Amino acid sequence: MHIEHIAIWTNDIEKLKEFYIKYFGCEASARYENPRKRYSSYFLSFDGGARLEIMKREDITASRIGEMTGLAHFSIAVGSDDTVDKLTQKMENDGVIIDSWPRTTGDGYYESVVLDPDNNKVEIMSAQVSDYPDSHETGIIDKNIPVVIFSGDSFHANMVKNLLENEGIVAYITNEIVGTALPWHIAPGGFGAIKVTVASGDYERAKIIVGEFENKLNE
């Protein structure tokens, strides 16, 4: 048995269709119309056979905001860590809301999370579980997996490290000739990037601190 498709309601069926075609290369069926019910739908097919059904009906207009019971997110595998990075970067450049930047999660997956035009959470993940020890091999989530939380020049990286350590989060700085983990944060030209890493168990707390720091930099 396998999941054949997931269905979601939308207020703008054409906009949502184009979003998934543009970023995930799916193929759209012919548009189905039921004038009596004022209903329309598309099936969007992905490589591997899974499908997403997007549906519109005039009396269904409420939008999803925030977390709630029911479908939390769905995940699309894009093949590699590098593809996750590049696709997330492209979507940010296009104005797509990035809910979570690319990272290795505590259970060993490399992924980012974006919001589609209807605020559905879409997990963009590489096809395989990370080589780090994780819950799939040991039954225990390793909370000490190193995760990149920031990448940039030496001055800002040290500021981030100090902010994290002031909050009791152990942080490490590493120097790379070319930064590839988070290419939208690397130093100008892409060379000499300084990365700040934390344990995956501290990632969520660290993300809030780094997010506030970056917001202040952009003010």
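A.B. asks: Looking at this structure, how should I read the overall build of the chain?
C.D. replies: For the chain, the count of helices and strands is five helices and twelve strands. Out of the 219 residues belonging to the chain, those deemed buried represent 41%. In the chain, of all internal contacts separated by at least 6 residues, the share reaching a separation of at least 24 is 59%. Per element, the accessible surface of the chain, about 12,500 Å² overall, is 53% carbon and sulfur.

A.B. asks: Mind showing me how you'd approach the packing of helix H1 (residues 13-24) against helix H2 (residues 81-93) here?
C.D. replies: Two measures define how a pair of helices packs: the angle their axes make with one another and the distance between the axes. Contact geometry for H1 and H2: axes closest at 11 Å, N-to-C directions at 140 degrees. Taken together, the axis directions place H1 and H2 in an arrangement best described as oblique. Together, Phe 19, Lys 22, Tyr 23 and Phe 24 of H1 and Leu 87, Lys 90 and Met 91 of H2 make up the contact between the two elements. Looking at the contact of H1 with H2 residue by residue, the classes come out as five nonpolar, no polar and two charged.

A.B. asks: Just checking my understanding: could you explain the packing of aromatic side chains for this structure?
C.D. replies: Two aromatic rings, taken as a pair, are described by how far apart their centres are and by the angle between their planes. This model, assessed by the stated rule, comprises eight aromatic pairs. With a centroid separation of 5.0 Å and an interplanar angle of 80 degrees, the aromatic rings of Phe 19 and Tyr 20 are classed as edge-to-face. Taken together, a centroid distance of 6.2 Å and an interplanar angle of 80 degrees make the contact between Phe 150 and Phe 213 edge-to-face. Here Phe 150, found in strand E10 (residues 146-152), pairs with Phe 213, found in helix H5 (residues 203-218); they are 63 residues apart in sequence, far enough to count as distant. Its relative accessible area of 5% is what places Phe 150 among the buried residues. Ring pairs connect the aromatic residues Phe 19, Tyr 20, Tyr 23, Phe 24 and Phe 74, which therefore count as one cluster. The ring of Phe 43 is capped by Arg 51, whose NZ or CZ atom sits 4.0 Å from the centre of that ring.

A.B. asks: Before we go on, may I ask you to explain the sheet that holds strand E9 (residues 121-125) in this structure?
C.D. replies: Each strand in a sheet pairs with another by means of backbone hydrogen bonds, the pair being arranged parallel or else antiparallel. With mixed pairing, the four strands of this open sheet are ordered in space as E6-E9-E8-E7. At either end of the open sheet lies a strand with only one pairing partner, and these are strand E6 (74-77) and strand E7 (98-104). Pairs of neighbouring strands in the sheet enclose a mean axial angle of 20 degrees, with direction left out of account. Pairing between E6 and E9: four bridges, direction parallel. Bridge pairing in E9 places Ile 76 opposite Ile 124. In the packing of H2 onto the sheet, the strands contacted are E7, strand E8 (110-115) and E9, and the crossing angle to E7 comes to about 160 degrees.

A.B. asks: Honestly, the pattern of salt bridges in this entry has me stumped. Any pointers?
C.D. replies: Oppositely charged side chains are able to pair whenever their charged atoms sit close together. Counted by the stated rule, this structure contains 14 salt bridges. Put simply, Arg 103 and Glu 111 hold a salt bridge, and the shortest N to O gap is 3.8 Å. Through salt bridges with shared partners, a single network forms among Glu 14, Lys 17, Glu 18, Arg 31 and Glu 33.

A.B. asks: Explain the confidence of the model for the chain to me, please; I cannot follow it from the model alone.
C.D. replies: A low pLDDT means the predicted coordinates there should not be read in detail. On average, residues of the chain score 80 in pLDDT, and 82% of them reach the 70 mark or higher. In the predicted structure, residues 130-141 sits below a pLDDT of 50 and forms 21 contacts with residues beyond four places in sequence or in another chain. When the criterion is pLDDT under 50, residues 176-192 qualifies, and its contacts beyond four places in sequence or with other chains add up to 39 contacts.

A.B. asks: Is there a simple way to think about H5 in this case?
C.D. replies: For H5, built from 16 residues, the straight-helix expectation of 22 Å at 1.5 Å per residue is met to within 8% by its first-to-last C-alpha distance of 22 Å. Buried within H5 we find Tyr 203, Ala 206, Ile 209, Val 210, Phe 213 and Glu 214. Relative to the axis of H5, the buried residues are bounded by an arc of 135 degrees and lie together on one face. In H5, those exposed residues whose orientation departs by more than 90 degrees from the buried face are Ile 208, Asn 215, Lys 216 and Asn 218. Those residues of H5 hidden inside the fold are in contact with E7, E10, helix H4 (154-166) and strand E12 (194-199).

Rules and cut-offs
Residues numbered from 1 in each chain as written. Predicted model: local features only at pLDDT ≥ 70, side-chain atom pairs only at ≥ 80, totals over all residues. Heavy atoms only, no water. Helix = DSSP H or I, 4+ residues; strand = E, 2+ residues; numbered from the N terminus. Buried < 20%, exposed > 50% of the residue type's maximum accessible area, 1.4 Å probe, protein only. Contact = heavy atoms within 4.5 Å. Areas by Shrake-Rupley, 256 points an atom, 1.4 Å probe, with all protein chains shown as cover. Axes fitted to C-alpha atoms, helices over the stretch in contact; angles between N-to-C directions. Parallel < 35°, antiparallel > 145°, perpendicular 65-115°, else oblique. Nonpolar A, V, L, I, M, F, W, Y, C, P; charged D, E, K, R; others polar. Phe/Tyr/Trp six-rings, centres within 6.5 Å; stacked < 30°, edge-to-face > 60°. Lys NZ or Arg CZ within 6 Å of the ring centre and 35° of its normal. Pairing = 2+ DSSP bridges. Salt bridge = Lys/Arg side-chain N within 4 Å of Asp/Glu carboxyl O. pLDDT = per-residue confidence, 0-100. Expected span 1.5 Å × (residues − 1). Arc of directions from axis to C-beta.

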